[in-house]
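# What the coordinates show
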Amino acid sequence: MILIESRDFNKKVKLKGKTLEELLTENSINSDNFIAMRNGKLITRDEKIRDGDSIKLFPVISGG
Amino acid sequence: MKCFKCGKKAAIEMPYAAKAYCENHFMEVFERRFKRTITMNKLFDKRDKVAVGVSGGKDSMVMLFLLNKMGYNVEAIIIDEGIRGYRDKSLPLVKKFCAENKITLHIYSFEKEFKTTLDKIVKKGALPCSYCGVLRRRLLNKAARDIKADVLAIGHNLDDETQMILMNLFRSELIRLSRAGPTVGLVDDNKFVHRVKPLRESPERENVAYALVKGVPYEDIECPYSKTAYRDSVRDALNCLETKHPGVKAGCLHSFDKLMPILRDHYKKEKGKPNECKECGELTSGEVCKACEMLKSLL
């Protein structure tokens with residue numbers, strides 16, 4: 001199980017994809033709209049995600 | 001994916017440059033581009049007093065952080081428009097950041113200056129973004145002038161700039177476009193403080209990444225009045241193009257920068273000397289400035 005957190009949602013997903021990009025795509029999340037961090041470190045879209053990882057997503061577009 | 005400079009694991013991609021960087025080299029590249037925008041465009045130097053317009057959002061906070069870090073003579077200005085649940089959240093964040101970093105902060109409010117708030121303006125049925133844009137610009141200019149700033153730095157990023165360029169092109173607003181650029185405005189008058197944009201070459205995605213890596217605090221709650229349907233369409237189209245053809249935003253900005261002197265030269269002929277508004281004395285092309293016109297319409 002992987003925890004994906006964002007400003008607008010917080011969900012646990014099963015590990016189906018191998019990379020961040022695949023994981024987000026499978027969960028209908030457009031990776032262009034977010035910067036992703038794992039344990040406080042930026043990660044790229046091709047980063048392999050492991051079971052138990054907690055991914056935080058930060059929106060790119062500001063709402064001002 | 002590996003860092004282009006050191007070969008370590010990459011933290012961020014820059015598809016438009018066909019490169020990726022680790023956190024350390026990303027910060028180096030980001031800061032160098034920021035500094036280059038300032039020096040190449042001669043926006044200001046260390047002798048100038050730079051008023052920094054902040055909102056508490058990622059762009060203005062990164063800009064304030066960097067200018068302060070690089071040793072520029074900065075003072076921050078925040079405008080309290082009077083939007084409940086929005087500005088009252090970012091104000092404490094900006095105050096705390098400025099106090100911790102020993103940056104002088106000036107707070108100007110619609111309430112004090114215009115005897116109204118954006119909440120009240122909206123209740124009267126006015127379009128929030130139009131009124132807010134005009135009144136905010138007016139107040140930022142006044143605040144920068146009050147503190148005797150040489151320039152007013154605003155946090156427009158690459159995405160804002162390219163959206164603005166395309167929106168003005170699509171609407172045939174070439175006069176307006178001719179006033180855009182790294183330094184905003186064609187008017188040379190001591191009542192007008194030139195606005196400068198040190199972040200105009202930084203994609204907003206990278207501003208978020210930089211804020212996260214450096215721990216720059218920012219507020220990302222949405223303005224309750226934010227309804228920018230046209231801008232949203234242009235943004236979506238640009239983002240779609242950028243994903244498919246990385247580099248279109250930078251290309252758009254660089255093309256505009258090459259056209260800008262021609263546009264400015266052309267429309268200089270049409271630009272008369274500005275008048276002083278007969279209501280408030282601020283600069284205007286007509287008899288009464290837009291801010292006074294808008295405020296009057298609310299009575």
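About the criteria used
- Residues numbered from 1 in each chain as written.
- Chains lettered and ligands numbered in written order.
- Predicted model: local features only at pLDDT ≥ 70, side-chain atom pairs only at ≥ 80, totals over all residues.
- Heavy atoms only, no water.
- Buried < 20%, exposed > 50% of the residue type's maximum accessible area, 1.4 Å probe, protein only.
- Helix = DSSP H or I, 4+ residues; strand = E, 2+ residues; numbered from the N terminus.
- Pairing = 2+ DSSP bridges.
- Right-handed = clockwise from strand over helix to strand, strands pointing away.
- Axes fitted to C-alpha atoms, helices over the stretch in contact; angles between N-to-C directions.
- Parallel < 35°, antiparallel > 145°, perpendicular 65-115°, else oblique.
- Left-handed = near helix turned anticlockwise from the far one by under 90°.
- Contact = heavy atoms within 4.5 Å.
- Nonpolar A, V, L, I, M, F, W, Y, C, P; charged D, E, K, R; others polar.
- Buried area = accessible area lost by both parts, 1.4 Å probe.
- Salt bridge = Lys/Arg side-chain N within 4 Å of Asp/Glu carboxyl O.
- Polar contact = N/O pair within 3.5 Å; in protein donor to acceptor, adjacent residues only side chain to side chain.
- Expected span 1.5 Å × (residues − 1).
- Patch = residues over 30% accessible without salt bridge, like charges linked within 9 Å, V, L, I, M, F, W, Y side chains within 5 Å.
- Areas by Shrake-Rupley, 256 points an atom, 1.4 Å probe, with all protein chains shown as cover.
- 1 Å grid on protein atoms, 1.4 Å probe; cavity = no way out; pocket = protein on both sides within 12 Å on 5 of 7 lines; lining within 4 Å.
- Points joined across faces, edges and corners; volume = space filled by probe spheres on them.
- pLDDT = per-residue confidence, 0-100.

Residue and element names in this part refer to chain B. Burial of strand β3 (residues 49-54) is extensive: six of the six residues sit out of reach of the surface. Here β3 shows two buried faces, one formed by K49, A51 and G53 and the other by V50, V52 and V54. Of the pairings in the sheet, the one linking β3 to strand β4 (residues 73-80) comprises six bridges and is parallel in character. In the strand pairing of β4, A51 is matched with E75. What joins β3 to β4 is helix α2 (residues 58-69), and the crossover it makes is right-handed. As defined by bridge partners, β3 adjoins strand β6 (residues 151-153) across three bridges and the pair is classed as parallel. Across the sheet, the residue bridging to V52 is A153, located in β6.

All names here are of chain B. Two numbers describe how α2 lies on helix α9 (residues 204-214): the axes approach to 9 Å, and their chain directions differ by 60 degrees. One way to sum up the angle between α2 and α9 is to call them oblique. For α2 against α9, the interelement crossing comes out left-handed. Contacts between α2 and α9 pair K58, D59, V62, F65, L66 and K69 from the former with E204, N207, V208, Y210, A211 and K214 from the latter. Partitioning the contact of α2 with α9 into residue classes produces six nonpolar, one polar and five charged.

Residue and element names in this part refer to chain A. If you trace the backbone, I43 turns up in the loop between β4 (41-42) and β5 (54-59). Judged by its relative accessible area of 11%, I43 is buried. Taking C-alpha positions, I43 is 9.4 Å from I55, a pair spaced 12 residues apart along the chain.

Residue-level contacts link 22 residues of chain A with 25 residues of chain B. Interface area for chain A against chain B, summed over the two sides, is near 2,000 Å², with a carbon-plus-sulfur share of 50%. Contact with chain B buries area across many residues of chain A, yet A:I35, A:L42 and A:T44 alone supply 27% of it, more than any other trio. The interface formed by chain A and chain B contains three salt bridges. Between B:E23 and A:K41 there is a salt bridge, with the nearest N and O atoms lying 3.7 Å from each other. Counting across the chain A and chain B interface gives eight residue pairs in polar contact (both at pLDDT 80 or more). When residues of the side of chain A that touches chain B are traced back to their parent elements, those giving at least two are β3 (34-38), β4 and β5 of chain A.

Next up on the list: the sheet that holds strand β7 (residues 183-184) of chain B. Two orientations exist for strands paired in a sheet by backbone hydrogen bonds: parallel and antiparallel. All names here are of chain B. If you trace the six strands from one edge of the open sheet to the other, you get β5-β4-β3-β6-β8-β7, paired in mixed fashion. Looking at which strands have only one partner, the edges of the open sheet turn out to be β5 (105-109) and β7. With respect to the sheet, α2 is in contact with β3, β4 and β6, its orientation differing from that of β3 by roughly 155 degrees.

Attention now goes to helix α3 (residues 87-100) of chain B. Its 14 residues place the ends of α3(B) 20 Å apart at the C-alpha level, agreeing with the 20 Å of an ideal helix rising 1.5 Å per residue. Contacts from the buried residues of α3(B) go to β3, α2, β4, β5 and α6 (128-146) of chain B.

This part is about a nonpolar patch on the surface. Residues and elements named next belong to chain B. On the surface, a cluster of nonpolar side chains totalling about 360 Å² of accessible area is made up of L169, F170, L174 and Y230. In this structure, Y230 sits in helix α10 (residues 229-244). Residue class for Y230 comes out partly exposed when judged on its relative accessible area of 32%.

An α-helical turn contains 3.6 residues, so any two residues separated by three or four positions project in the same direction. All names here are of chain B. Helix length check: α2, at 12 residues, gives a terminal C-alpha distance of 16 Å against a target of 16 Å (1.5 Å per residue), a fit within 8%. Of all 12 residues in α2, 10 are buried; the element is thus mostly enclosed. Taken together, the buried positions of α2 are K58, D59, S60, M61, V62, M63, L64, F65, L66 and L67. The first or second residue beyond α2 is G71, which carries a positive phi of 85 degrees.

All names here are of chain B. Empty space within the second largest pocket amounts to approximately 820 Å³. Along the walls of the second largest pocket sit 34 residues, with P15, Y16, P203, E206 and E242 positioned nearest its centre. At the level of elements, β1 (12-14), β2 (19-21), α1 (23-40), α7 (158-170), α9, α10 and α11 (248-268) are the ones that each hand at least two residues to the lining of the second largest pocket. With five residues, the single largest contributor to the lining of the second largest pocket is α10. When grouped by side-chain class, the residues that make up the lining of the second largest pocket number 13 nonpolar, six polar and 15 charged.

Right, let's talk about the confidence of the model for chain A for a bit. With 89% of its residues at a pLDDT of at least 70, chain A reaches an overall mean of 83. When the elements of chain A are averaged for pLDDT, strand β1 (residues 2-5) of chain A gives the smallest value, 73, and β4(A) the largest, 94.

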